[in-house]
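Structural description and commentary
As a plain string of letters, each chain reads:
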Amino acid sequence: MNLDEVRAQFASWMAETAKAVLGQEEAIEAVLIALLADGHVLIEGVPGLGKTLLARTLSRVLGLEHKRIQFTPDLMPSDVSGGNVYHQREDRFVFIPGPVFTNLLLADEINRAPAKTQSALLEAMQDRSVTTDGVTRPLPDPYIVIATQNPVESQGTYPLPEAQLDRFLAKVHVGHPTPHVEQQLLRGYASGFNASDLDSAGVSPLANAETIQRMRHAIATVQVGDELIGYMTQIVAQSRNHRAVYLGASPRGTIALLTAGRARAATQGRAFMIPDDVKALAPAILRHRLILHPDAEIEGVTADVVIGEILAATQVPRTAA
Amino acid sequence: MSGWWLPLVLLGVGTPGVLDEAGGYRFCHEPQYPLYRDERRWCDLIDDPHPSCPDLPAACAAEIDPAVDGGGFGYGSSGADGDGKGRKRAAPATGDGRKARRERMKFEIPRGLSTVAQVVLIAIVVAGLGLLVRHLLRRRFDDPADEEDASSTTEAAAPAPAAEAARQRAKETDVTRLLALARQEAAAGRFESAVELAYAAALRRLDGDGLIELHPSRTNGDYVRRLRGHAPTLAPALRDVAREVEGIQFGAHAATSSRFESILRGVLGITGRTATVALLLLSSLHLTGCGSSSAGPPEARPMLTGGDTSPSGTKAVLEAIASTGVSVAYRIETLTTVGEDVGTLIVLPDAGPEDGDWAPILEWVEAGGRLILAGERARHPDLELYEDPREATTTQLFNGMFLGFEDLEGWSIEVPPSGGLLPQIGIEDAEPSLYRYYRDAADSEDVSVYAVALYRGGGEIIAFANEDLFTNIAMTVDDNARAVAAIARPFDGEHSVQICTAWMTGRGSSSPLEAIRNADLTPLIVQLLVFVVLLVLYRGIAFGRLREPPGRSRRAFVDHIRALGTQYARADASGHAWRAYATWALEQIDARLPGERRRGLQATAAAIAARTHWPESDIIPLLVDANDAAERYGAPPSVRGPVGSAPTALEKLQRMAAMLEALGLSSRGASTTTTRATPRSGK
């Protein structure tokens, strides 16, 4: 698959997803880029904005096997990863795979489960494998976790551990739609659209696991110049030195910038990465990797504000200005 | 002489109806309108009642106003002196009057003030030159140090490649110089540098036009997105150019001559469009500065109808001519040349060529033009006419004397008695058939010749003894208006008619520079230019664009408190307090009831119940919660459990404090707390 085909395929995914998810083009693009970059995505937004619908639609469009876990406070790690169960007839323990054994895992309201259960996802997300009773079992390829969480409601929630946050390649904010988009939404529902039935929106699979693998191979050919590597490291380094930041982005964040940037370049049919790729993706890649000082948070400073300041203070390579 | 003068004596019938009240002809509609003495000469020819000028007879019958009689401007100053010497106005009264008005309206700078202005101008120029010299000297003497610094920096750093040098030169803000540099680099075979310079030129042009704002942190994508909002038509062009440039800068695309040419075409397309806008702006300025006198063909020009509506004005003349469908306008250009689009030129007194050169106009007449000299005394051998010294009481027209003016036959055309004209050549030298009418007129004792005509080449020249027939009040008499329209009508009826007046002709401008000169604005413009040059020298070229400083919003105190509360809630501050207090409380219970907790919570609860008389069923849950909280005290946020509600934690804390009080312990530990909050949990 060449890069023009990648671009065409990506555009068709965007269009197909937009049939069911209206007015969230930026979020859809960020999620798809993260998926192509072999990363996991955390979608954050208040209830009712279509986070789950987005994940379900993507799984349909990508033609992947998908499973969904509704995270609750009593969810156990074995409910996620699976476990050994005694089989009476065979007189032995057999492994019953959990929902984690799928191509696309939708972890709905991930911060509702206790840390122990959340941590069960750690190995799966990072190593693409699950170890139970000393036996390591690989997960299908591709393996993608799309998690959602609600930023407002904090009672009875378990904040995601920093280590687990770092394992998400991107954190995407889903915002309220504009009145125009909301009108379109209502018209769609008035004419029979049902969010639980994607067939009613005419969403059909456009890819499969093999397609994604081929696209990833094509993305791997995208060139990255030394100047861009310098640009990315400069941005990440500044995130560690910013006055409002307690803990900056890790090298994993720098790598995420690189992989996501290459994916973005490929989706635009480019065989090379440009500064715009880095700048466009930096907020989604870095916002969940920054821990701010309490006084900065009290002053209303957010990670997005810090990233904006960092980007505005970092010189773009080969600029004419 | 290439033709012959023909005598014309006018006689008319009929009355025009063009002097309506809406046109501003007050003399027709105000019975007390003050007429000058010279204007009163027409009163004998005015019918009473007058249908188209109803109040003019009353104005004629009114007594002469001393305020306007014989003084000021207009006809009163000359022309009606009645000295009985033939032509009563040696210099045309109308022209003099208007000249006087023009002179009076002209703003003159007091002599003293003008001297001061000159001194100020010289001082500014001298100061500017001084600053320029100082600036140059400073650069001359500062440069070596700068060069040393630069060289030392260069030595310390790695040798800069050509592309880096090009990027440094791309800081140049002048678009033309950037493009020239790009071409130079391309000619030298350094295409990568050339591409960067050309692209920089495009960005600088857009920045200069205010469409984007260059900043080192902005990417090409930022600029394209910005253009989508401000200049949607330019955004695709910039995007295409940026793609090609980025392919060379960040991809493996080789910088070749063809790629440079392609990029340069795109860049020129961008800079050209902004140049087109600038050209349009300049064009509009040109039109603003010069009026519409020379813009486009005559039919496209707006007719100038701002003529004087007084009895001695000419607005009605213009309207009478225009009513026949002929394009007519006052001429504001000088009479140095006459365009081919002009069919008839009516020259009023003192409106001839400023340089007195009638040759180009005579050439135009020979090419088929009709020149009407209405009282204008042309100083040219072929045009000079003698004044008829005979006194005359009336002026008449012998019908049908003009070739092409057969329509005038039977019309009544009248003007007040005045001096006449004599052709320069003798009658005996001319063709008898052509001078028949003149001879008839000349033979009459009480009739003078009012107008003569001269055929010249394909055109003709008609000279009138004065401009009386070409005034507003003349249009009220008999068939004068129709006659004027017929006489002024061009041969083919398609060319335009221009009326030359002393107060308007030559006052227009054919170029911005001429407009500035005519308006006496040259010193002001020069001073402004000097001021701008000085400002540029002082502040540089970037002084022009002002930006609002970013505003800083201050939060109210309550907002800080709310934010602090939110942070405490997010950080589970009440849970933290409960866990810390529970840890301390259990330590206190251990000290009070040694060994009980080792026996279990049930035994501890029993011991506490025995001492406090609290129900054991109340004590056990409290101890279980406290024990659980103490176990998780100090754990990282992600493993210390769900965030509970603040009221629950505080309620537990208060009940524990009450139980400690009942147990005889102090519920408020002072310095006995054994644990300290970590920085992370302290939020």
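Residues numbered from 1 in each chain as written. Chains lettered and ligands numbered in written order. Predicted model: local features only at pLDDT ≥ 70, side-chain atom pairs only at ≥ 80, totals over all residues.

Some thoughts on the overall build of chain A
Our working rule: Comment: elements are numbered from the N terminus, with helices defined as DSSP H or I runs of at least four residues and strands as E runs of at least two. Every C-beta atom is placed from the backbone, and the number of other C-beta atoms within 10 Å of a residue's own sets its class: buried at 20 or more, exposed at 12 or fewer, partly exposed in between. Any two residues are considered in contact once their C-beta atoms, placed from the backbone, lie within 7 Å.
Scanning chain A from terminus to terminus reveals 13 helices and 11 strands. A burial count over chain A gives 46% of its 321 residues as buried. Long-range contacts, defined here as pairs at least 24 residues apart, represent 79% of the contacts in chain A between residues at least 6 apart.

Some thoughts on the overall build of chain B
Helix and strand content of chain B: 20 helices and 11 strands. Counting all 683 residues of chain B, 38% fall into the buried class. Considering only contacts within chain B whose residues lie at least 6 apart along the sequence, 76% involve residues at least 24 apart.

What about the interface of chain A and chain B?
Counted only if it meets this: When residue character is reported, Ala, Val, Leu, Ile, Met, Phe, Trp, Tyr, Cys and Pro are called nonpolar, Asp, Glu, Lys and Arg charged, and the others, Gly included, polar.
If you look at the interface, chain A gives 35 residues, while chain B gives 31 residues. Counting only elements with at least two residues in the side of chain A that touches chain B, the list comes to helix H11 (275–286), helix H12 (294–298) and helix H13 (303–313) of chain A. Looking at which element gives the most residues to the side of chain A that touches chain B, the answer is H11(A), with four residues. For the side of chain A that touches chain B, the residue count by class is 21 nonpolar, 10 polar and four charged.

A closer look at the nonpolar core
The condition is simple: Working definition: the nonpolar core is a set of buried Ala, Val, Leu, Ile, Met, Phe, Trp, Tyr and Cys residues, joined through C-beta atoms within 7 Å.
Counting 97 residues, the largest nonpolar core has A:Val31, A:Ala34, A:Val41, A:Ile146, A:Ala170, A:Ala260 and A:Ile285 as the members making the most contacts within it. For this core, the leading source of residues is helix H2 (residues 25–36) of chain A, giving nine residues. Apart from the residues lying within four places of it in its own chain, the contact partners of A:Ala34 are A:Gly39, A:Val41, A:Leu169, A:Ala170 and A:Ala260. The next biggest cluster of nonpolar side chains, apart from the first, holds 70 residues, and it includes B:Trp42, B:Ala320, B:Ala451 and B:Ile462.

A closer look at helix H3 (residues 51–62) of chain A
All names here are of chain A. Just so we agree on the cut-off: Here the expected span of a helix is defined as 1.5 Å times the quantity of residues minus one.
Between its first and last C-alpha, H3 extends 17 Å over 12 residues, near the 16 Å set by a 1.5 Å rise per residue. Most of H3 sits out of view: 10 of its 12 residues are buried. Here H3 has its buried residues at Lys51, Leu54, Ala55, Arg56, Thr57, Leu58, Ser59, Arg60, Val61 and Leu62. Positioned one or two residues after H3, Gly63 has a phi angle of 65°, which is positive.

With respect to the packing of helix H1 (residues 3–17) of chain A against H3(A)
Residues and elements named next belong to chain A. Note the following rule: Note on method: axes are straight lines fitted to C-alpha atoms, helices fitted across the in-contact stretch only, with angles between N-to-C directions ranging 0 to 180 degrees. Throughout, the term roughly parallel applies to angles under 35 degrees, roughly antiparallel to angles over 145, roughly perpendicular to angles from 65 to 115, and oblique to all others. A clockwise turn of the near helix away from the far one marks a right-handed crossing, whereas an anticlockwise turn of less than a right angle marks a left-handed crossing.
Their axes nearest at 10 Å, the elements H1 and H3 cross at an angle of 135°. It follows that H1 is oblique to H3 by the angle criterion. Crossing of H1 against H3: the hand is right-handed. Counting all contacts with H1, which are made through Trp13, Glu16 and Thr17, the residues of H3 involved are Thr57, Leu58 and Val61. Among the residues making up the contact of H1 with H3, the classes are represented as three nonpolar, two polar and one charged.

Some details on the packing of H2(A) against helix H10 (residues 251–267) of chain A
In a packed pair of helices, the relevant descriptors are the angle between the two axes and the axis-to-axis distance. All names here are of chain A. Remark: H2 packs on H10, axes separated minimally by 8 Å, with the N-to-C direction vectors making an angle of 110°. As the angle between them shows, H2 and H10 are arranged roughly perpendicular. Handedness of the H2/H10 crossing: right-handed. Side by side, H2 and H10 meet where Ile33, Ala34 and Leu36 of the first sit next to Ala260, Ala263, Arg264 and Thr267 of the second. Here the residues of the contact of H2 with H10 sort into five nonpolar, one polar and one charged.

Digging into the confidence of the model for chain B
Close inspection of predicted coordinates is inappropriate for parts of the model with low pLDDT. Residue and element names in this part refer to chain B. What counts here: The score called pLDDT rates the predictor's confidence residue by residue, from a low of 0 to a high of 100.
Residues with a pLDDT of 70 or more make up 62% of chain B, whose mean pLDDT is 71. Note on residues 143–160: pLDDT is under 50 here. Beyond four places in sequence and across chains, it has two contacts. In the model, residues 670–683 has pLDDT below 50 throughout and makes 13 contacts with residues more than four positions away in sequence or in other chains. We note a pTM of 0.51 for the whole complex and an ipTM of 0.85 for its interfaces.

Considerations on unusual backbone geometry
Note the cis peptide between A:Asp141 and A:Pro142, where omega equals 0°. Position of A:Pro142 relative to the elements: it lies in the loop between strand E7 (135–138) and strand E8 (144–149). Going from B:Asp48 to B:Pro49, the amide bond is cis rather than trans, its omega being 5°. When you line up the elements, B:Pro49 lands in the loop between strand E1 (5–8) and helix H1 (56–61). A positive phi angle is found at B:Asp478, which is not glycine, with a value near 45°.

Let's talk about the sheet that holds strand E5 (residues 104–108) of chain A
Residue and element names in this part refer to chain A. Keep this limit in mind: Strands pair, by our definition, only if DSSP identifies at least two bridges between them.
If you walk across this open sheet you meet the five strands as E2-E5-E8-E1-E9, and the pairing is parallel. The outermost strands of the open sheet, each flanked by one partner alone, are strand E2 (66–70) and strand E9 (168–173). Taking each pair of neighbouring strands and ignoring which way they run, the sheet shows an average axis angle of 15°.

A few points about the environment of A:Lys19
By the element assignment, A:Lys19 lies in the loop between H1 and H2. Not counting residues within four places of it along the chain, the set of residues in contact with A:Lys19 comprises A:Ala201, A:Gly202 and A:Val203.

Some words on the confidence of the model for chain A
Taken residue by residue, chain A gives an average pLDDT of 88. The fraction at 70 or more is 99%. Mean pLDDT values over the elements of chain A span from 76, in H12(A), up to 94, in H10(A).

Describing the pairing of strand E1 (residues 40–44) of chain A
Residue and element names in this part refer to chain A. Where burial is concerned, most of E1 is hidden: four out of the five residues are buried. Bridge count for E1 against E9 is five bridges, and the pairing is parallel. In the strand pairing of E9, His40 is matched with Phe168. Strand direction decides the pairing type here: E1 and E8, joined by four bridges, are parallel. Pairing of Leu42 across the sheet is with Ala147, part of E8.

Quick look at the pairing of E5(A)
All names here are of chain A. Judged by how many residues are buried, E5 sits mostly within the fold: four of five residues are covered. Sheet analysis places E5 next to E8, joined by four bridges and oriented parallel. Its bridge partner being in E8, Leu106 is matched across the sheet by Ile146.

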